[in-house]
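# Notes for the structure review
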Amino acid sequence: MLPGSDTNWHLFFQRLSEEIESAKDSKKRIAVFVVDIVFFHIYNIKFGFERGEEIVADTINRLDENLNRVQAIERLSPHQIGIVISDVAVPELLHLGAEKIIDSLANPLVIGDDEIPVDVAVGVALYPDHGHKAENLLGGAFASLESARRQNTGYGIASTSGNHDGSDSWELENDLKQALEEDRLLLNYQPKVDLSTGNTFSFEALMRWKHINDEYVSPASFIPLAETSYLIYDLTEWCINTALREMAEPLQNNGDLSVAINLSANIIYDPSIITTVKSALEIWGVNPEQLILEVTESALMKNQELCFRNLQLLRDTGAKISIDDFGTGYSSLAYFKTIPADELKIDQSFIRSMASNSDDSKIVDSIINLSHKFGLKVVAEGVEDVETLNLVSDMGCDAAQGYYISRPLDFTLFEEWLANK
Ligand code: C2E
Ligand code: MG
Ligand code: MG
């Protein structure tokens, strides 16, 4: 049989389109993985075409056996396999899925006396987050496969803001670059309130982009885009320096107050962040203990050892570390023992539904207890009503943040809030 004569791109495309149609009604997410057998051409040269074909067949079997909820698995090209997985509960599971694919092929394939290692690269895109049509999702999965191969990262995930439905993310990136140069970015500040005293002890700096027509674009849509390029480094530097410049005086006048800044996942893996933070603290004359650096829980999982090392170095500057969006990252509880952090923020998704969902309420209660055992201060984020505020307060949560207390404030409103705090 000639290599790749059983490729079935059309069938795969059709199956993916059908899955998308049914996901539209059920409002469920589906993932498209593209698995590339990296040394396929070398196997063919070294072992002959027949062996090459056996390797692909074995890879498909192993993937089919090891993955759950596989709706379609087909050979897309001689060395590429497409997989559709249904019912993906949250985007974070894409990491686990890609790792599972790589893990399930970790043992070399044994054919006769030969032990053949099967190296793969994986690209993945999620419906509806990264596109609404089969061609766009496949485009996203192939683009992330390409970047995983180029950067040798094993797998790549399509970016949320680089939605592949034909929106021009390149244009958006240029607009954002221009906004940075033209000073059209600003910070809002949202108070975090101590639940035992009712006092505001900290403000979280949240970036705002004043776009064309004076519309504000949410950081939730442009930060992930910036994270796909070097722009995130410029944005981070801008944010740290702007927050410390604006807050220097209020912090000096209120010794028990702090400012919290969000750091993206790729930023904490780059050691130069430590110098950026140190020099900004020095330039603006801010006491390091009045700075909190928020890092999302999912960011910790890429490489825990390296991440913890950099977090510890950041902590050594005197700044405090807060784990943001806790509960969505699926990290092991074992890391509580060693995590170099001071504060933990329970993700809004649990807080917002806890009044109506007793399971979420139990989760929040357990997170609070566990965090306290390990000496972490706990903040409930996304508190939108008094009922939830009372619930988290009764559970012994230390602090709260959310629309019920205050929306993020522009600088004038922030000053007013501070005067009345
Ligand atoms: P985050 O750090 O978890 O920030 C909290 C987000 O929840 C903010 O959205 C805030 O406005 C919103 N929020 C606060 N209370 C409530 C509430 O009661 N209900 C609801 N529905 N939402 C609430 P925002 O400002 O759009 O920021 C979204 C995310 O963007 C942030 O999530 C953070 O991850 C990221 N981000 C914001 N500013 C920066 C920045 O300067 N640098 C980096 N790297 N990321 C940033
Ligand atoms: Mg945050
Ligand atoms: Mg958060």
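Residues numbered from 1 in each chain as written. Chains lettered and ligands numbered in written order. Predicted model: local features only at pLDDT ≥ 70, side-chain atom pairs only at ≥ 80, totals over all residues. Heavy atoms only, no water.

On to the site of ligand 1. Around ligand 1 there are 23 residues in total, and N262, D324, Q348, E384 and Y403 lie nearest to it. Contact distances for ligand 1 include 2.9 Å between an oxygen atom and a side-chain N or O atom of R208. D324 is positioned such that a nitrogen or oxygen atom in its side chain is 2.8 Å from an oxygen atom of ligand 1. Notes on ligand 1: free accessible area 790 Å², of which the protein chains cover 85%. For the shell around ligand 1, the elements supplying multiple residues, two or more each, are β9 (200–210), α7 (219–226), β13 (320–326) and α12 (348–353). Ranked by residues supplied to the shell around ligand 1, first place goes to β9 with 4 residues. Among the residues forming the shell around ligand 1, the class breakdown is 8 nonpolar, 7 polar and 8 charged. (Near = heavy atom within 4 Å. Polar contact = N/O pair within 3.5 Å; in protein donor to acceptor, adjacent residues only side chain to side chain. Areas by Shrake-Rupley, 256 points an atom, 1.4 Å probe, with all protein chains shown as cover. Helix = DSSP H or I, 4+ residues; strand = E, 2+ residues; numbered from the N terminus. Nonpolar A, V, L, I, M, F, W, Y, C, P; charged D, E, K, R; others polar.)

For the rest of this paragraph, the subject is the pattern of salt bridges. Here the idea is simple: oppositely charged side chains can pair when their charged atoms come close. Summed over the entire model, instances satisfying the criterion amount to 17 salt bridges. One salt bridge connects K24 with E21, and the closest N-O pair in it is separated by 3.1 Å. Of this pair, K24 and E21 both sit in helix α1 (residues 9–26), separated by 3 residues, roughly a single helical turn. Look at E21 and you get partly exposed, because its relative accessible area is 46%. K345 is the salt-bridge partner of E381, the closest N and O atoms lying 3.6 Å from each other. (Salt bridge = Lys/Arg side-chain N within 4 Å of Asp/Glu carboxyl O. Buried < 20%, exposed > 50% of the residue type's maximum accessible area, 1.4 Å probe, protein only.)

Turning our attention to the coordination of the magnesium ion (ligand 3). Protein-derived coordination of the magnesium ion (ligand 3) comes from D324 (OD), D325 (OD), E381 (OE) and E381 (OE), at a distance range of 2.0 to 2.6 Å. Taken as an interatomic distance, the gap from the magnesium ion (ligand 3) to the magnesium ion (ligand 2) is 4.2 Å; D324 donates to each of them. You can see D325 sitting in strand β13 and its partner E381 sitting in strand β15 (residues 377–381), a full 56 residues away along the chain. For D325, a relative accessible area of 24% translates into the label partly exposed. For E381, a relative accessible area of 5% gives the class buried. (Donors = N, O, S within 2.8 Å, 3.2 Å for Na, K, Ca; no water.)

If you check helix α13 (residues 358–373), its first and last C-alpha atoms are 23 Å apart, about what 16 residues at 1.5 Å a residue would give, namely 22 Å. Within α13, the full set of buried residues consists of D360, S361, V364, I367, I368 and S371. The buried residues of α13 occupy one face: seen down the axis, they fall within an arc of 125°. Away from its buried face, by an angle of more than 90 degrees, α13 presents the exposed residues K362 and K373. Sitting at the amino-terminal end of α13 is N357, which places a side-chain oxygen 2.8 Å from the backbone nitrogen of D359. (Expected span 1.5 Å × (residues − 1). Arc of directions from axis to C-beta.)

As a further point, take the coordination of the magnesium ion (ligand 2). Around the magnesium ion (ligand 2), the donor atoms from the protein are E204 (OE), N262 (OD1), E294 (OE) and D324 (OD), and they sit 2.0 to 2.2 Å away. Within one chain, the residues serving as donors to the magnesium ion (ligand 2) are arranged as E-x57-N-x31-E-x29-D. Looking at D324, the relative accessible area reads 5%, which means it is buried.

Residue placement: R352 occurs in helix α12. With relative accessibility at 46%, the residue R352 sits in the partly exposed group. Setting aside residues up to four positions removed in sequence, R352 forms contacts with G382 and E384. Side chain to side chain, R352 and Q348 meet in a polar contact 2.6 Å long. (Contact = heavy atoms within 4.5 Å.)

A contiguous patch of negative charge on the surface is contributed by E249, D410, E415 and E416. Within the secondary structure, E416 sits in helix α15 (residues 411–419). For E416, a relative accessible area of 46% translates into the label partly exposed. (Patch = residues over 30% accessible without salt bridge, like charges linked within 9 Å, V, L, I, M, F, W, Y side chains within 5 Å. Lys, Arg positive; Asp, Glu negative; His and termini not counted. Charge placed at Lys NZ, Arg CZ, Asp CG, Glu CD.)

All right, on to the sheet that holds strand β3 (residues 80–85) then. If you trace the 5 strands from one edge of the open sheet to the other, you get β2-β3-β1-β6-β7, paired in mixed fashion. With partners counted over all chains shown, the strands left at the sheet margins are β2 (70–77) and β7 (155–157), one partner each. Between one strand and the next, the sheet's axes are offset by a mean angle of 15°, whatever the strand orientation. For strand β6 (residues 120–127) and β7, the ladder comprises 3 bridges, and the chain directions are parallel. In the strand pairing of β7, V122 is matched with Y155. Against the sheet, α1 makes contact with β1 (30–37), β2, β3 and β6, and its axis sits at roughly 150° relative to β2, the strand it touches most. (Pairing = 2+ DSSP bridges. Axes fitted to C-alpha atoms, helices over the stretch in contact; angles between N-to-C directions.)

Another aspect to go through is the packing of helix α3 (residues 49–66) against helix α4 (residues 93–104). Running from amino to carboxyl end, α3 crosses α4 at an angle of 130°, the nearest separation of the two axes being 9 Å. Taken together, the axes of α3 and α4 are oblique relative to one another. Helix-helix and strand crossings are classified by hand; for α3 and α4 the assignment is right-handed. Between α3 and α4, the residues in contact are R62, L63 and N66 and K100, I101 and S104, respectively. Along the lines of polarity and charge, the residues of the contact of α3 with α4 split into 2 nonpolar, 2 polar and 2 charged. (Parallel < 35°, antiparallel > 145°, perpendicular 65-115°, else oblique. Left-handed = near helix turned anticlockwise from the far one by under 90°.)

By volume, the second largest pocket amounts to about 270 Å³. Lining the second largest pocket are 18 residues, with F201, D256, L257, S258 and K377 positioned closest to its centre. Of all the secondary structure elements, the ones that give two or more residues to the lining of the second largest pocket are β9 and β13. (1 Å grid on protein atoms, 1.4 Å probe; cavity = no way out; pocket = protein on both sides within 12 Å on 5 of 7 lines; lining within 4 Å. Points joined across faces, edges and corners; volume = space filled by probe spheres on them.)

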